[in-house]
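Per-entry structural report
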Amino acid sequence: MIPARMGSKRVPKKNIRLLAGRPLISYALRSAQEAKVFDEIYLNSENEIFRELAAESGVSFYKRPEIFSSDQTNNDEFLKDFIENIEGDLIVQLLPTSPFILPNQIKEFVQTITNDIELEALVSVVDHQIAGIFNNQPINFSQDQPHIPSQEMKPIKTYATVLMAWRKTSLLDRLNQKGFGYHGIPGKTGYFPLDGLAKIDIDNEEDFQLADFIMKFQLENPYQAPQYYVQDPKGHSEVDVPSILVKDGILKSDF
């Protein structure tokens, strides 16, 4: 299920805004199809224009009630409406605001919760392997211990939100009992780390412009192998600072 509403405020009409020449939501639709793991793909919206986009992409359209279309509606509300009206055992939510999510990442995510029968929910996350602080308190380091390299720190996980999954029966029970279920069930929720450009999420105008630039660059520039600084024929090297400064126009330097 790919949720999309028309009334975005921070980036007006962002789901149908063109990103590198295509509607933003079209990237999620294509990746979901190319993952080849779903029995059915639904575009969930209150606006009829998304019915057209769903038809063009060959997916189903679910028209949510207008009451669930405002920016005051939370994820639990339109999710409950959807699963009460659509048959299925496992519901995967894919947000269209992460256009760089790859089909193989979606496939691996779905296989993770499908293969682990202990999981009732799965959340995509981003690992931040760096010192973190919450409420002015260290999370994954101690101020009473020597500093350790970031690569040795225990990662801090934050929601990526682009991919969420729930077993329908458990989710519906929790929604009916608690009134919420988005974050899953304590002890039965897994966390799936995303890497690469899939971590980019469009929340504001700057995010959209960045994503647009990256997408256009990817389309216009084939991947190139990494290149590195090398010694020149005269034997100068990167550590030969005086000669580098001369090339940069600094004719005199005093160290």
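Going by the structure above, here's the rest.
A brief structural summary. Given the structure is predicted, the values throughout are model-derived calculations rather than measurements.

Remarks on the overall build of the protein chain
- When helices and strands are tallied, the protein chain shows seven helices and eleven strands.
- A globule of 255 residues ought to have a C-alpha radius of gyration of about 18 Å, yet the protein chain, at 23 Å, is considerably larger.
- Along the first, second and third principal axes, the C-alpha atoms of the protein chain reach 75 × 50 × 35 Å.
- Evaluated residue by residue, the protein chain yields a buried proportion of 41% over its 255 residues.
- The long-range share in the protein chain, meaning contacts at least 24 apart out of those at least 6 apart in sequence, stands at 66%.

Observations concerning the pairing of strand E7 (residues 121–128)
- Burial within E7 is extensive, with six of its eight residues counted as buried.
- Sheet analysis places E7 next to strand E10 (residues 156–167), joined by seven bridges and oriented antiparallel. For Val125, the partnering residue across the bridge sits in E10 and is Tyr159.
- Sheet topology places E7 next to strand E11 (residues 189–193); five bridges connect them, and they run parallel. Within E11, the position partnered with Val125 by the bridge is Pro193.

As for the packing of helix H1 (residues 24–35) against helix H2 (residues 49–57)
- Contact pair H1 / H2: the axes reach a minimum separation of 11 Å and the direction vectors enclose 35 degrees. For the element pair H1 and H2, the recorded crossing hand is right-handed. Note on element contacts: H2 touches H1 through Phe50, Leu53 and Ser57, opposite Ile25, Leu29 and Gln33.
- When its residues are assigned to classes, the contact of H1 with H2 shows four nonpolar, two polar and no charged.

Points about the sheet that holds strand E1 (residues 2–3)
- One open sheet accounts for three strands, arranged E1-E4-E5; its pairing is parallel. Whereas interior strands pair on both sides, the edge strands pair on one side only; in this sheet they are E1 and strand E5 (60–63).
- Judged from the four bridges that link them, strand E4 (residues 42–45) and E5 form a sheet pairing that is parallel. Along E5, the bridge assignment pairs Asn44 with Tyr62.

Points about the side chain of Asp76
- Looking at the element boundaries, Asp76 is found in helix H3 (residues 75–85).
- There is no salt bridge for the buried Asp76, and the closest opposite charge comes from Arg174, which lies 8.1 Å off by N-O distance.
- Polar contacts involving the side chain of Asp76 include one to the main-chain amide nitrogen of Tyr182, which spans 2.8 Å.
- For Asp76, the residues in contact, after removing those within four places along its chain, are Leu175, Gly179, Phe180, Gly181 and Tyr182.

Remarks on the nonpolar core
- Counting residues in hydrophobic clusters, the biggest one holds 32 residues, and the most contacted among them are Ile2, Ile25, Phe50, Leu94, Ile101, Phe109 and Leu163.
- Every element with two or more residues in this core is listed here: H1, H2, strand E6 (90–94), helix H4 (103–115), E7 and E10.
- The leading source of residues in this core is H1, at five residues.
- Those residues in contact with Ile25 that sit more than four places away from it in its chain are Ile2, Ala4, Asn15, Leu43, Phe50, Leu53 and Pro96.

So, a negative patch on the surface
- Judged by side-chain charge, Asp39, Glu40, Glu87 and Asp89 come together as a negatively charged surface patch.
- Structurally, Asp39 can be placed in the loop between H1 and E4.

Topic: the packing of H1 against H4
- In contact at an axis separation of 8 Å, H1 and H4 are set at 60 degrees when each is read in the N-to-C sense. Here H4 runs oblique to H1, going by the angle between their axes. Where H1 crosses over H4, the handedness of that crossing is right-handed. The segment H1 lies against H4, with Ser31, Ala32, Glu34 and Ala35 engaging Pro103, Ile106 and Lys107.

Things to note about the pattern of salt bridges
- Scanning the model with the defined rule gives seven salt bridges in all.
- Here Arg17 makes a salt bridge to Glu205, at a shortest N to O gap of 2.8 Å. Taken as a pair, Arg17 in the loop between E1 and strand E2 (18–19) and Glu205 in helix H6 (residues 205–220) lie far apart in primary sequence, 188 residues in all.
- As a salt-bridge pair, Lys63 and Glu48 come within 3.0 Å of each other at their nearest N and O atoms.

Brief notes about the packing of aromatic side chains
- By the definition in use, this model includes five aromatic pairs.
- An angle of 75 degrees between the planes, with centres 5.5 Å apart, marks the rings of Tyr42 and Phe82 as edge-to-face. Placement of Tyr42 in strand E4 and of Phe82 in helix H3 is noted, with a sequence separation of 40 residues between them. For the pair formed by Tyr42 and Phe82, the shared burial category is buried.

Cut-off values and rules
- Residues numbered from 1 in each chain as written.
- Predicted model: local features only at pLDDT ≥ 70, side-chain atom pairs only at ≥ 80, totals over all residues.
- Heavy atoms only, no water.
- Helix = DSSP H or I, 4+ residues; strand = E, 2+ residues; numbered from the N terminus.
- Rg over C-alpha atoms; globule rule 2.2 N^0.38 Å.
- Buried < 20%, exposed > 50% of the residue type's maximum accessible area, 1.4 Å probe, protein only.
- Contact = heavy atoms within 4.5 Å.
- Pairing = 2+ DSSP bridges.
- Axes fitted to C-alpha atoms, helices over the stretch in contact; angles between N-to-C directions.
- Left-handed = near helix turned anticlockwise from the far one by under 90°.
- Nonpolar A, V, L, I, M, F, W, Y, C, P; charged D, E, K, R; others polar.
- Lys, Arg positive; Asp, Glu negative; His and termini not counted.
- Salt bridge = Lys/Arg side-chain N within 4 Å of Asp/Glu carboxyl O.
- Polar contact = N/O pair within 3.5 Å; in protein donor to acceptor, adjacent residues only side chain to side chain.
- Core = buried A, V, L, I, M, F, W, Y, C linked by side-chain atoms within 4.5 Å.
- Patch = residues over 30% accessible without salt bridge, like charges linked within 9 Å, V, L, I, M, F, W, Y side chains within 5 Å.
- Areas by Shrake-Rupley, 256 points an atom, 1.4 Å probe, with all protein chains shown as cover.
- Charge placed at Lys NZ, Arg CZ, Asp CG, Glu CD.
- Parallel < 35°, antiparallel > 145°, perpendicular 65-115°, else oblique.
- Phe/Tyr/Trp six-rings, centres within 6.5 Å; stacked < 30°, edge-to-face > 60°.

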